[in-house]
Amino acid sequence: MAASAAAVCLASALTACGGGGSGGYTAVGAAGTSPGTSGASSRPTGSVTLVPLDGSPAGAANGSPSTEDGRPAAAAGSAAPGTSATTPSPAASHRAGTRPRRSAPPAPNPPRPTATSPTGTTPTSTSPAALTWSAPTREPTDQRWCEKVTVEFRNSGGTAVRSGTVALGTHIIDLLGIDWATIGSTEPLPAPVAPGSRTSGSWTVCVDDWRVPLGMHVETRVVAVDWK
């Protein structure tokens, strides 16, 4: 009942304030409509100023973002108070972050010393002498207790063979091929034998005639060399 009485009093006061020479009226209907038009809204033709009703700053009414305490937020790219608003360029940031480090070039390898002889010449290494020989080549003579023997020698080393002796083993063979005895003899080596060269030696090898009866002969099969 109290609320209904307050509403009736408020309506009576508004009617009394609207009275005048024209008799007064009470506005009904939607705002912005004029008498004589029904439902047709009239749009403003001049500039419109938006006035915030909740007491917020004008920036917030214009759509600018604000913080929780009502202050406008800093725009993108703006600096905080007391700092510079200059933003380094991407090229400067790249140069500052990826500046190459300079390193000293490697020192050249020092030349290796070469050993020289007291006379100032470079010594050369030579390999020792290496003497090899062939199997003996035999030729018969007019006496059955003698034969001609030839042996070939080769030095494949780097030093000459200066001297040596050749030991020969001569076998006494009968008609049936039985070896009755072996008689040894020595001959001088055909020295010197230069490095990488070949030479040969030929000797007439004989045994005692009584050791070779009629029907028997001699064969020199064994060759041994002592050289230096």
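Given the structure is predicted, the values throughout are model-derived calculations rather than measurements.

Participant: Can you help me understand the overall build of the chain in this one?
Facilitator: When you go through the chain residue by residue, the secondary structure sums to 3 helices and 7 strands. For the chain, the α and β elements follow one another from N to C terminus as α-α-α-β-β-β-β-β-β-β. When each of the 228 residues of the chain is scored for burial, the buried share is 14%. Across the chain, the fraction of contacts at a sequence separation of at least 24, relative to all contacts at a separation of at least 6, is 67%.

Participant: Can you walk me through the state of the cysteines in this structure?
Facilitator: By definition, a disulfide links the sulfur atoms of two cysteines through a covalent bond. In total, this model carries 1 disulfide according to the counting rule given. The disulfide partner of Cys146 is Cys206, and the S-S distance across this bridge is 1.9 Å. Its S-S torsion of approximately 120° makes the covalent link between Cys146 and Cys206 right-handed. Taken together, the residues Cys146 in strand 3 (residues 146-155) and Cys206 in strand 6 (residues 198-206) connect sequence positions 60 residues apart. Among the residues examined, Cys146 registers a relative accessible area of 6% and is labelled buried.

Participant: Is there a simple way to think about the sheet that holds strand 5 (residues 179-188) in this case?
Facilitator: Backbone-to-backbone hydrogen bonds pair the strands of a sheet. The strands run either parallel or antiparallel. Pairing is antiparallel across the open sheet formed by 3 strands, whose spatial order is 5-4-7. Of all the strands in the sheet, the pair left with one neighbour each is strand 5 and strand 7 (217-227). On average, adjacent strands in this sheet sit at an angle of 20° to one another, irrespective of strand direction. Here strand 4 (residues 164-173) runs beside strand 5; their pairing, made up of 9 bridges, is antiparallel. Looking across to strand 5, one finds that Val166 is bridged to Glu187.

Participant: I would appreciate a short explanation of a nonpolar patch on the surface in the present structure.
Facilitator: Side chains of Leu175, Leu176, Ile178 and Trp180 sit close together on the surface and give an oily, nonpolar patch of about 550 Å² of accessible area. Considering the arrangement of structural elements, one finds Leu176 in the loop between strand 4 and strand 5. Of the residues examined, Leu176 reaches a relative accessible area of 76% and is grouped as exposed.

Participant: Is there a simple way to explain the environment of Glu152 in this structure?
Facilitator: Summarising the element assignment, Glu152 is placed in strand 3. For Glu152, a relative accessible area of 40% puts it in the partly exposed group. Taking the C-alpha atoms as reference, Glu152 lies 7.2 Å from Arg198; in sequence the two are 46 residues apart. Once you skip the residues sitting within four places of it in the chain, Glu152 turns out to touch Thr132, Trp133, Ser134, Arg198, Thr199 and Ser200.

Participant: Help me understand the confidence of the model for the chain in this model?
Facilitator: If pLDDT is low for a region, its predicted coordinates should not be looked at in detail. With 45% of its residues at a pLDDT of at least 70, the chain reaches an overall mean of 71. Considering only residues more than four positions removed or in separate chains, one finds that residues 12-40, a stretch of pLDDT under 50, has 6 contacts. Low pLDDT, under 50, characterises residues 74-85; the predicted model gives this stretch 3 contacts beyond four residues in sequence or across chains.

What counts, and at which threshold
- Residues numbered from 1 in each chain as written.
- Predicted model: local features only at pLDDT ≥ 70, side-chain atom pairs only at ≥ 80, totals over all residues.
- Heavy atoms only, no water.
- Helix = DSSP H or I, 4+ residues; strand = E, 2+ residues; numbered from the N terminus.
- Buried < 20%, exposed > 50% of the residue type's maximum accessible area, 1.4 Å probe, protein only.
- Contact = heavy atoms within 4.5 Å.
- Disulfide = S-S within 2.5 Å.
- Pairing = 2+ DSSP bridges.
- Axes fitted to C-alpha atoms, helices over the stretch in contact; angles between N-to-C directions.
- Patch = residues over 30% accessible without salt bridge, like charges linked within 9 Å, V, L, I, M, F, W, Y side chains within 5 Å.
- Areas by Shrake-Rupley, 256 points an atom, 1.4 Å probe, with all protein chains shown as cover.
- Salt bridge = Lys/Arg side-chain N within 4 Å of Asp/Glu carboxyl O.
- pLDDT = per-residue confidence, 0-100.

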